Amino acid sequence: MKRSAAVLLVCVSLLAAPAVGDRIVLKDGRTFEGSVTEPNGKVLIELPYGTLSFPASDVLKIERGPSLMDIYRGRLGVIDRKDPDEVTVLAKWARDRGLMRQADALLREVLELDLDHATARKLLGFVRADGKWLEAGEALKLAEAKLQAGKLDVLLEQLLPALEEVVENAREQLRLKEIHAEALLGSRKFAEAAKAFASLAGKLAGPAAIRCGAIASILRAHPDGMYVLSEPHAPLAMLLGTPAEAGRSGPASLSRPEVLSAALRDEAKAAIKTGRGHMGEGRKQELTEPEAAKAKYDQAGKAFDRADALVPKITRSYRVEIARRRIAMVTKDMNIWAGRFDALKEQLAKRDLTPAAYASLLFRMLRALRNVQSDLETILELATPFDRELILEVTDAMLRLERIVALRKVLLQEVRAINAKR
Amino acid sequence: MPSGKTAILILTASAAAMAAVGAVSAPSHTESVQQALDALARNDLPLAERLGVGVVRSGPSAGRAWLIVAEARHRAGRFTQAIDAYRQFQGACQSRSERAYAAERIQRCRREAAGVRPVPISEQLTAEQRARFLVVDSRHREHNESTEHFIVRAYNTHLAKLVGRQAEVSLERICRTILSGQDYPHTVEINVWPTIKEYRKHATSAPEWSGGSFVLRREEDGRIVRRIDLTQLDEKGLFDVEMLDRVLPHEMCHLVLAELFGEAVCPLALDEGLAMLAEASADNSRIVLAGSAMTGEGKIPLARLLLMERCAKDEAAVFYAEAFSFADYLQSRMTRRQFGEMLDHVKAGRPLDEAIQRALYVPCDEAFLGKLARAWEAEAIKQSQFLRALDEAPTNGS
């Protein structure tokens, strides 16, 4: 009874603590309380709603108040350090005012007094799970394990709400939301899961956002959670394993991860079909409108980005095919410039040229080489991401590039020599 | 008659029971669908059907659950009732792909209801019919028979009719497998020459050893010739039943594949394998030989098999056996859609391993061909061992 009264007293006294900071009195009589600084002949006062600036000449006086640390030390002196509740209240007060290091130290003190002090544990980011206090990172891993093990009730009712209170790191918060969405889906709360995945799609970026968006739309399109598998859900198992491992086609619950994967694969199929359509159009335009063909291949690439987000690396062979086709197009252009260079080189051998005409010829040769070089660089750029499949293209372009760079060097030296003579 | 105190107790108990009933509320539509799906996944077909029927009765918007009912009946082998349920589902569902799935399942039910592969025609022929097909009517050189896709010319009216019928049956089977059920919109001329000598005289582009061949050629006037040449009598002068069971569907399959591939190249092993698969019945000796080759020294590794453009005489038997076994493996492990898409990708110039992975919509794996070879070889050995064990097993009662 006595102890409770003491705690209450400390709480009241902390709440009733004087406003932290300084006070300025202006010459016109107005006063402001806050944190005062004096840069470059001005007086700045930081208030809860913003910062005010006054010329130093307008200020009658500045009254410096006690600092936050002064108050903290004062409070520390009056509490009972053996009482975990009192120490926790001060730690919370310190945390709320940004004194994180001090707050953490106090909370550690509390744990020395009482290992199971729930408030201190929570403030320090611990979560109670399976009878143990776990740090947020460990608890997140436990949540993932429970998700994998299908222990969804305990996850949704206990662990995730507890984690939500302590996880502060933005990446961990997102992972928490992902686990939450997946747990809702596993628990067959399809409408809630659809909302959770849609919300995640808005918070994430890139492939993860596409994937979550796709899951949300699949769930919205199948509110009863029944998905129709048109093929066995593990297509590779049919060929490389046994048909039993591949599963059956037919109606199945989207709450099963393999069914959701199959649904995402179906979405990826649709994106690949769109991409293949663009590729077909691009192929037709390669000869007559290479720029339009390139644009079509870019469109195909975008469709493939979506497919890859849904099933990682599913479109690699199509991308290799596009790279091959585009390399063939660039090679055609490169051959034209190489032909021009050869023709100019022949002129160099046959004609008796004036110095001016000679210089002009060299410049034209340099230009042709620059274009060849640029085409080779484009080929390398296209082929390098697929160096396993396009090893010949990469090697060939690198060797040619070396030759071109050497040739350009010679020509540039010659041009410099001409300019020096002039 | 209960006393006053007992009556109060009974009332209290029944109120508690009512409250309990009220607390366990009826499952929602989604929960009911999920329970039915669970039963289906466990292969508890009666429960899946019962729960599915319960869902569809719950309201007009619950028609999608007909699919659960249909699937349960289908798996239970109740094909007619399954077809009814698939139709109900088609009427209730909005999604085109789901309706297409149901249509495909209806076809499947019909096929399964009709039984396994039909008996080869050679086994259906009576001695009298065979004797009739021995007749070569030299006076009336050509007896024409027209069907939807074929014009058959033979030296025997009955044979012309039979070849026409069998050609349609074979074409239907080939289209189902290779063209994903699409129609073959062309007319093919079939010539049944009375003897091998006559056949060789007319089928000039055919290899000397062959007893049948096909032609797909564009004439100078732009006309496309689609022709199959066959022989009526074998070298001993007997009616060649192999011509109906094997040669006709085999050559027809080559023709359909040649038409499908156009200028593109179909790997020889795939071409021959599919043509052998099109034959009216599986030749078990091929399966046994393929399995034996895998365990012995004569094996042609898959990577080489797929690159072969011709085969030496000493390898021919293993080549054909492995080609058959591999084509059969692919066809039995892939859906029609997958198989059709794989052929499309091969036609577009992709290597077979890449074509398969594209058709399965899986990320391309460099090691895929090796994995596929191992899986196929294991299956081929198993099948071969099984057939040999059957041969070696003592027969009962004889």
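Residues numbered from 1 in each chain as written. Chains lettered and ligands numbered in written order. Predicted model: local features only at pLDDT ≥ 70, side-chain atom pairs only at ≥ 80, totals over all residues.

A closer look at the overall build of chain A
Counted only if it meets this: Strands are runs of DSSP state E lasting at least 2 residues, helices are runs of H or I lasting at least 4, and numbering of each runs from the N terminus. Using C-alpha atoms as the atom set, the radius of gyration is obtained and then compared with a globule rule of 2.2 Å times the number of residues to the power 0.38. Exposure classification rests on a simple neighbour count of other C-beta atoms within 10 Å of a residue's own: a residue reaching 20 or more is buried, one at 12 or fewer is exposed, and one in between is partly exposed. C-beta atoms are placed from the backbone. Two residues qualify as a contact pair if the distance between their C-beta atoms, derived from the backbone, is within 7 Å.
Looking only at helices and strands, one finds 17 helices and 9 strands in chain A. Here chain A has a C-alpha radius of gyration of 36 Å; the compact-globule value for 422 residues is 22 Å, and the former is much larger. In chain A, buried positions account for 34% of the 422 residues. Taking the intrachain contacts of chain A between residues at least 6 apart in sequence as the baseline, contacts between residues at least 24 apart amount to 52%.

Quick look at the packing of helix α13 (residues 257-285) of chain A against helix α14 (residues 290-310) of chain A
Residues and elements named next belong to chain A. Operational definition: Axes, fitted as lines to C-alpha atoms, cover a helix only where it is in contact. Angles between the N-to-C directions of the axes lie from 0 to 180 degrees. Angle categories: roughly parallel below 35 degrees, roughly antiparallel above 145, roughly perpendicular from 65 to 115, and oblique for all the rest. Under the scheme applied here, ten amino acids are nonpolar (Ala, Val, Leu, Ile, Met, Phe, Trp, Tyr, Cys and Pro), four are charged (Asp, Glu, Lys and Arg), and all others, including Gly, are polar.
One way to put it is that α13 packs onto α14 with a least axis distance of 8 Å and a crossing angle of 170°. Relative to α14, α13 is oriented roughly antiparallel. Where α13 abuts α14, its residues L264, E267, A268, A271, I272, T274, G275, H278, M279, E281, G282 and Q285 lie against A292, A293, K296, Y297, Q299, A300, A303, F304, R306, A307 and L310. Looking at side-chain class alone, the contact of α13 with α14 contains 13 nonpolar, 6 polar and 4 charged residues.

With respect to the interface of chain A and chain B
Across the boundary between the two partners, chain A contributes 26 residues, which contact 27 residues of chain B. The dominant element in the side of chain A that touches chain B, judged by the number of residues it contributes, is helix α11 (residues 235-240) of chain A, at 5 residues. The residue makeup of the side of chain A that touches chain B, split by class, is 14 nonpolar, 5 polar and 7 charged.

As for the nonpolar core
Stated formally: A set of buried residues drawn from Ala, Val, Leu, Ile, Met, Phe, Trp, Tyr and Cys, joined through C-beta atoms within 7 Å, is what defines a nonpolar core.
Among the nonpolar cores identified, the biggest contains 179 residues, and L163 and F197 of chain A together with A36, V163 and M252 of chain B are the most heavily contacted of them. Residue contributions to this core peak at 10 residues, all from helix α15 (residues 313-333) of chain B. For L163 of chain A, the residues in contact, after removing those within four places along its chain, are V127, A136, A139, L140, A143 and L176 of chain A. The next biggest cluster of nonpolar side chains, apart from the first, holds 13 residues, and it includes V87, W93, A103 and V110 of chain A.

Focus: the packing of helix α9 (residues 157-178) of chain B against helix α11 (residues 241-261) of chain B
Residue and element names in this part refer to chain B. The condition that has to hold: By the definition used in this description, the sense in which the near helix is turned from the far one sets the handedness, with an anticlockwise turn below a right angle giving left-handed and a clockwise turn giving right-handed.
It is the contact of α9 with α11, at a shortest axis distance of 9 Å, that shows an interaxial angle of 50°. As far as their axial angle goes, α11 and α9 are oblique. Viewed along their axes, α9 and α11 form a crossing whose handedness is right-handed. Of the residues in α11, those in contact with V163, Q166, A167, S170, L171, I174 and I178 of α9 are L244, L248, P249, M252, C253, V256, L257 and L260. Residue classes in the contact of α9 with α11 are distributed as 13 nonpolar, 2 polar and no charged.

Considerations on the confidence of the model for chain A
Do not read the fine detail of predicted coordinates wherever pLDDT is low. The line we're drawing: Scored between 0 and 100, pLDDT is the confidence that the predictor attaches to each residue.
Across chain A, the average pLDDT comes to 89, with 95% of residues at or above 70. In this model residues 1-19 of chain A is a low-confidence stretch, pLDDT under 50, and it forms 14 contacts with partners more than four residues away in sequence or in other chains.

Some remarks on the domain arrangement of chain B
Let me state the cut-off plainly: Residue ranges assigned to each domain were obtained from an automatic or database domain assignment.
The domain architecture assigned to chain B consists of domain 1 (25-114), domain 2 (119-262) and domain 3 (264-398). Computed over C-alpha atoms only, the centres of domain 1 of chain B and domain 3 of chain B are separated by 36 Å.

Quick look at the sheet that holds strand β3 (residues 188-193) of chain B
Residue and element names in this part refer to chain B. The criterion, for reference: We treat two strands as partners when DSSP finds at least two bridges between them.
Strand order in the open sheet formed by 5 strands is β1-β2-β3-β5-β4, and the pairing between neighbours is mixed. The sheet is open, and its two edges are formed by β1 (143-146) and β4 (213-218), each paired on a single side. Between one strand and the next, the sheet's axes are offset by a mean angle of 20°, whatever the strand orientation. Here α9 sits on the sheet and contacts β1, β2 (150-154) and β3; the angle it forms with β2, its principal contact strand, is near 150°. Its contacts with the sheet place α11 against β3, β4 and β5 (224-231), and it is angled at close to 160° to β5.

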